[in-house]
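Architecture and fold: a report
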Amino acid sequence: MPSVAELLAEARQSLPAAEARLLLGHVLDCPAVWLASHSDDTVAAERAAEFSALAGRRAAGEPMAYLTGKREFYGRKFTVTPAVLIPRPETELLVDIALQKVGAGGTANILDLGTGSGCLAVSLALELPASRVTAVDVSPAALAVARGNAEQLGTRIDFVTSDWFAGLPAQLFDLIVANPPYVAAGDPHLSSGDLRFEPAGALTDHADGLAAIHRIVAEAPSWLAEGGWLLLEHGYDQAAVVWQLLVESGYIAVEQWPDLAGIVRVSGGHHAKAC
Ligand code: GLN
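Okay, so let's go over this structure. (Residues numbered from 1 in each chain as written. Predicted model: local features only at pLDDT ≥ 70, side-chain atom pairs only at ≥ 80, totals over all residues. Heavy atoms only, no water.)

In the neighbourhood of the ligand, the contacting residues comprise L85, R88, E90, N179, P180, P181, Y182, V183, L195, A202, L203 and E233. A distance of 2.8 Å separates a nitrogen atom of the ligand from a polar atom in the side chain of N179. P180 places a polar main-chain atom, nitrogen or oxygen, 2.7 Å from a nitrogen atom of the ligand. (Near = heavy atom within 4 Å. Polar contact = N/O pair within 3.5 Å; in protein donor to acceptor, adjacent residues only side chain to side chain.)

Written as structure tokens, this is what we have:
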């Protein structure tokens, strides 16, 4: 039977040390740091084979989050599968802004469009326990993952299978958030790194990257309560066009927010209701 040190040494021929440790920690169900003080421990043959298989898949490019089935978002561990986009650190900005808009302890009727893993909906529901959160996705497989995350993390969300607003029961929301597919067809990022393994429908509109954003911006006003906010994540190069779209579509108090890297990633506004 191989030792922890032998397995890690072998995997390091094709993987960064940190990834090898995370994968072995995952297979042995122990924290990666534990491995350092147990390098001479032997590993059962099946576990070793399981680890080698995962290391091989990682070396072939599969995302760490799909191999371990987990990704942290806003301080909580979410289950992820290839049915959902892997939560990104920059999307945490959308949670921060949503919390500012609702205010600590606020009660709001909140909608998350295209929830995927549920990372936005679940984080908002847990941070704003007095609020009501509805989450929609067009993919039943994604909704199953989101539902699992809501249960595992201990919150209640109304899940609806819906193509954006199309299947939603009529109501008004104080806050609508969305991290829609905004990568343009043919963007080279789609054929590199983790994105190759993620659901295409969560990443791209198969057009110019703005189709989903156009649709959400156009339809949201009929679902927003007076003074309610629409907050959207968009691509690193879409800030100017999204600003213009919001203004031309009758949104007021349009605002944009940079992520930690200084890139404007989130835009929003509320809609001037005709009275
Ligand atoms: N932020 C993702 C990326 O470019 C895209 C996510 C999305 O399309 N909503 O890697």
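It is the contact of helix α2 (residues 17–28) with helix α4 (residues 45–59), at a shortest axis distance of 9 Å, that shows an interaxial angle of 140°. Comparing their axes, α4 and α2 come out oblique. Here the hand of the crossing between α2 and α4 comes out right-handed. Contact residues: α2 offers E19, A20, L23, L24, H26, V27 and L28, while α4 offers R47, E50, F51, L54, A55 and R58. Among the residues forming the contact of α2 with α4, the class breakdown is eight nonpolar, one polar and four charged. (Axes fitted to C-alpha atoms, helices over the stretch in contact; angles between N-to-C directions. Helix = DSSP H or I, 4+ residues; strand = E, 2+ residues; numbered from the N terminus. Parallel < 35°, antiparallel > 145°, perpendicular 65-115°, else oblique. Left-handed = near helix turned anticlockwise from the far one by under 90°. Contact = heavy atoms within 4.5 Å. Nonpolar A, V, L, I, M, F, W, Y, C, P; charged D, E, K, R; others polar.)

Turning our eyes to something else, we now look at the pairing of strand β2 (residues 76–79). What you see with β2 is a clean split: R76 and F78 sit on the buried side and K77 and T79 on the side with no burial. Both strand β1 (residues 70–73) and β2 contribute to a ladder of four bridges, which runs antiparallel. Paired with F73 across the strands is R76, a residue of β2. Adjacent in sequence and paired antiparallel, β1 and β2 are bridged by two residues, among which Y74 carries a positive phi angle near 50°. (Buried < 20%, exposed > 50% of the residue type's maximum accessible area, 1.4 Å probe, protein only. Pairing = 2+ DSSP bridges.)

Two numbers describe how helix α6 (residues 92–102) lies on helix α7 (residues 119–127): the axes approach to 10 Å, and their chain directions differ by 35°. Remark: the crossing between α6 and α7 carries right-handed chirality. Where α6 abuts α7, its residues L94, V95, A98 and L99 lie against L120, S123, L124 and E127. Across the contact of α6 with α7, the residue classes tally to six nonpolar, one polar and one charged.

Our next topic: the nonpolar core. Counting residues in each nonpolar core, the largest one holds 31 residues, and the members touching the most others are L124, I157, L175 and L231. Contributing elements (two or more residues each) for this core: α6, α7, β4 (132–137), α8 (140–153), β6 (173–178) and β7 (224–233). Element by element, the count of residues in this core is highest for α6, at seven residues. Within the second largest apolar cluster, 27 residues are counted, among which are L113, L230, V242 and L245. (Core = buried A, V, L, I, M, F, W, Y, C linked by side-chain atoms within 4.5 Å.)

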